[in-house]
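Survey of secondary and tertiary structure
Spelled out from the first residue to the last, the chains are:
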Amino acid sequence: MEPQRSPLLEVRGNIQLKRPPVKAPSRLPLPGTRFKRGPDQMEDALEPEKKRTRGLDTVTKIATSRPRAPALTTVAQTQGQTTAPKVPKKTGPRCSTAVATVLKNQKPGPAAPAQKPGAAAPVLGGRKPTKRPAWDLKGQLCDLNAELKCCRERTQTLDQENQQLQDQLREAQQQAKSLGAECRTLEGELARVQAQAEQGQQELGNLRARVLELEEQLGTQQGLVQELQKEQLGLQEERRGLAARLEEQERRLQASEAALSGSQAEVASLRQEATTQAALLVEQGERLHGLEMERRRLHNQLQELKGNIRVFCRVRPVLPGEPTPPPGFLLFPSGPGGPSDPPTRLSLSRSDERRGTLSGAPAPPTRHDFSFDRVFPPGSGQDEVFEEIAMLVQSALDGYPVCIFAYGQTGSGKTFTMEGGPGGDPQVEGLIPRALRHLFSVAQELGSQGWTYSFVASYVEIYNETVRDLLATGTRKGQGGECEIRRAGPGSEELTVTNARYVPVSCEKEVEALLHLAHQNRAVARTAQNERSSRSHSVFQLQISGEHAGRGLQCGAPLSLVDLAGSERLDPGLTLGPGERERLRETQAINSSLSTLGLVIMALSNKESHVPYRNSKLTYLLQNSLGGSAKMLMFVNISPLEENVSESLNSLRFASKVNQCVIGTAQANRK
Ligand code: ADP
Ligand code: MG
């Protein structure tokens, strides 16, 4: 019986050891305990396990649904059924214990005598049968038999039960086997799941690191986003500003476009007008040119009517410190038109003390009347004088040579008339700067009619029949190297002074600079030879060249402005010292050149075949300015002083002779 019992216990032990089947699922890793995955991931990961667990659970349930005790209970029940009905159901185990005890006791002990069935004590009921007296062997045997029978029955039952249990054991072993297999599978799965879990853990770690990294990135990105948002705000603001500006610009553009279209229409009409105007302008230009030519012709006619040789007399005022001349010494009788007419006559009274009357009373003064083209009394200003010669100067632009002289004794106002007074006062500006300013201005006006002019100036002095450059600079300054008057080229009519500077001028400033330089050069010379300036002729020449490119016209003429040397004679009563002898020589040279000038004018006036230009440097230099086509003006400068009356008379007589001359019709130098 012992070997049969151990498998049952073993099975039970096995079952109890291998189970608790109910707890089996709990040995599986619980979701959310070891994995910190998301619920979904964990669900997915554990899904097969769950299913399996459920399956296992089912199996376990099946296994556990079979009562553990019932096997014994069944035995007990069977036992109960087979044993006396008095035996309570719950005495099964106790009965088995009793059986075991009996069996135990039986094994070593001697066989008990059979008991009488009826007398058999209910051993199995747990109550000890009443001990039969030693003499009741039969009873004892009967008891033993009953007990044996009972044991046999029990043995049978136990065999059956054993059989059943063995079946159950097999079944349980089978089940245990399958459970073991399942357990292994589950363990494998568990290992796999654990590996997965570890992997998941690792992934989780990685993910955490990644999350941290991403969080860091997120932080950076958020910072960036904030910056960008700030920037965006700024940009939005800027955009709004730009949009407003754009709107403004568009508005302006529209206004401009409207204005432009208006302007375009205006331009179109203006263009049309311009075309008309251009045609008109051409027509006007033609007319203007015709008129200009007509003006030049009429201008020349007028100048001719006034005379190609004109003489103006100018009397300078009495200077401070000079004796006042006696009343009536100089008179300026009105012209035929009355006092409104510009004076043309001058009357000079001379009282000759040597002539006496018989009564001894002084002889009445002798009146000398002179008539000139114009007489300027002492009060006449520089502008008034220039006004009279402006038209004559303009003739030079039209191509007529013009020559203006200032003739008179020293101190009569020649230099004042030609160059101007001291101090650079514009009121006392002389004829040279005024004439040049006038020429520049008229040339500019003529520029609008297509004429272009150029001017080249030179300034020389002739002293004792030698020519000296007054525009010399540098080492030649003041020395005035030898200059010679030569023809510009072989067969050329034009004359030029060698070694002299010919300076192109185009504005007043340049002329001023030249006059200043000439003044300086004269001053240097004055220190070398006393008062040389009044003993020499100063010749300012301006070569004028004009061109009308459109019509292929050219004209050119010289304008000469000459400040002659003092015309006074040397007092014949003077004793001749060495200085006086030199003075006499100078005077003779001056007188010679001045009389040559007179002779040249006479010869021209008389249309003589030979004109003695070459008799003096002065007339030779001015040859081209004195010829047939030239216009000449002579200022005779007179001192208002009575003491100079003799020289004044000489000058007036010389001028009168010149005034009587008429040079033939002038021809413009046109090419
Ligand atoms: P010239 O050149 O004939 O020797 P100046 O021109 O040097 O004479 O004149 C002599 C002086 O008389 C100078 O001081 C000058 O300023 C003065 N003078 C000459 N003419 C006038 C005038 N019209 N008005 C005022 N002062 C004059
Ligand atoms: Mg002078």
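Residues numbered from 1 in each chain as written. Chains lettered and ligands numbered in written order. Predicted model: local features only at pLDDT ≥ 70, side-chain atom pairs only at ≥ 80, totals over all residues. Heavy atoms only, no water.

On a plain count of helices and strands, the protein comes out with 14 helices and 15 strands. Within the protein, residue pairs in contact and separated by at least 24 positions form 72% of the contacts whose partners lie at least 6 positions apart. With an accessible surface of roughly 38,800 Å², the protein has 55% of that area assigned to carbon and sulfur atoms. (Helix = DSSP H or I, 4+ residues; strand = E, 2+ residues; numbered from the N terminus. Contact = heavy atoms within 4.5 Å. Areas by Shrake-Rupley, 256 points an atom, 1.4 Å probe, with all protein chains shown as cover.)

In the structure shown here, the tally under the stated rule is eight aromatic pairs. Pairing F312 with F635 gives two aromatic rings, centres 5.6 Å apart and planes at 85°, and the pair type is edge-to-face. With F312 in strand 2 (residues 309-315) and F635 in strand 15 (residues 631-638), this pair connects stretches of sequence that are 323 residues apart. We note that F312, like F635, is buried. The side chain of K631 reaches across the aromatic face of Y400, ending 4.6 Å from its centre. (Phe/Tyr/Trp six-rings, centres within 6.5 Å; stacked < 30°, edge-to-face > 60°. Buried < 20%, exposed > 50% of the residue type's maximum accessible area, 1.4 Å probe, protein only. Lys NZ or Arg CZ within 6 Å of the ring centre and 35° of its normal.)

Of all eight residues in strand 15, eight are buried; the element is thus mostly enclosed. A two-sided burial pattern is seen for strand 15, the buried positions comprising K631, L633, F635 and N637 on one face and M632, M634, V636 and I638 on the other. Here seven bridges tie strand 7 (residues 402-408) to strand 15, and the two strands are oriented parallel to one another. Along strand 15, the bridge assignment pairs A406 with F635. (Pairing = 2+ DSSP bridges.)

Before going further, it helps to examine the site of ligand 1. The environment of ligand 1 is made up of R314, R316, P317, L319, Q409, T410, G411, S412, G413, K414, T415 and F416. G413 places a main-chain nitrogen or oxygen 3.1 Å from an oxygen atom of ligand 1. Side-chain polar atom of T415 to an oxygen atom of ligand 1: 2.7 Å apart, as the coordinates give it. Expressed as a share of its isolated accessible area of 550 Å², the protein-covered part of ligand 1 is 73%. A total of three residues in the shell around ligand 1 trace back to one element, the largest contributor, which is helix 8 (residues 414-418). (Near = heavy atom within 4 Å. Polar contact = N/O pair within 3.5 Å; in protein donor to acceptor, adjacent residues only side chain to side chain.)

What follows covers the pattern of salt bridges. Evaluation of the coordinates by the stated rule reveals 17 salt bridges. For R522, the salt bridge identified is with E419, shortest N-O distance 2.8 Å. Within this pair, whereas R522 is found in helix 10 (residues 508-528), its partner E419 is found in the loop between helix 8 and helix 9 (431-447), the two being separated by 103 residues in sequence. Its relative accessible area of 7% is what places R522 among the buried residues. Of the residues examined, E419 reaches a relative accessible area of 15% and is grouped as buried. Put simply, E429 and R437 hold a salt bridge, and the shortest N to O gap is 2.4 Å. Residue classification places E429 among the buried residues on the basis of a relative accessible area of 18%. If you follow the salt bridges from partner to partner, you end up with R132, D136 and D143 in one network. (Salt bridge = Lys/Arg side-chain N within 4 Å of Asp/Glu carboxyl O.)

Positive phi outside glycine occurs at E465, with the angle close to 65°. Of note, the phi angle at K607 is positive, near 50°, even though the residue is not glycine. Examined against the element boundaries, K607 turns out to sit in the loop between helix 11 (578-605) and helix 12 (617-621).

A few words now on helix 14 (residues 645-660). An ideal rise of 1.5 Å per residue puts 22 Å on 16 residues; helix 14 measures up with 22 Å between its terminal C-alpha atoms. The set of residues buried in helix 14 consists of V645, E647, S648, L649, S651, L652, F654, A655, S656 and V658. (Expected span 1.5 Å × (residues − 1).)

Read from one edge of the open sheet, three strands run 3-4-5, paired in antiparallel fashion. Each of the sheet's edge strands pairs with one partner strand only, and the pair in question is strand 3 (330-331) and strand 5 (366-371). Sheet topology places strand 3 next to strand 4 (residues 345-350); two bridges connect them, and they run antiparallel. Bridged to L331 within strand 4 is S347. Docked against the sheet, helix 14 engages strand 4 and strand 5, running at close to 145° with respect to strand 4. (Axes fitted to C-alpha atoms, helices over the stretch in contact; angles between N-to-C directions.)

Membership of the largest hydrophobic core comes to 51 residues, with the highest contact counts inside it found for F405 and L626. The element contributing the most residues to this core is helix 11, with seven residues. With 45 residues, the next largest nonpolar core counts F386, A396, L542 and I544 among its residues. (Core = buried A, V, L, I, M, F, W, Y, C linked by side-chain atoms within 4.5 Å.)

This part is about the environment of Q541. For Q541, the position within the fold is in strand 13 (residues 537-548). Given the relative accessible area of 15%, Q541 is considered buried. Each C-alpha atom of the pair Q541 and I432 lies 9.8 Å from the other, and the pair is 109 residues apart in sequence. Q541 has contacts with V456, A457, S458, L559, S560, L621, L622 and S625, leaving out every residue within four places of it along the chain. In this structure the side chain of Q541 is engaged in a polar contact, spanning 3.0 Å, whose partner is the side chain of S560.

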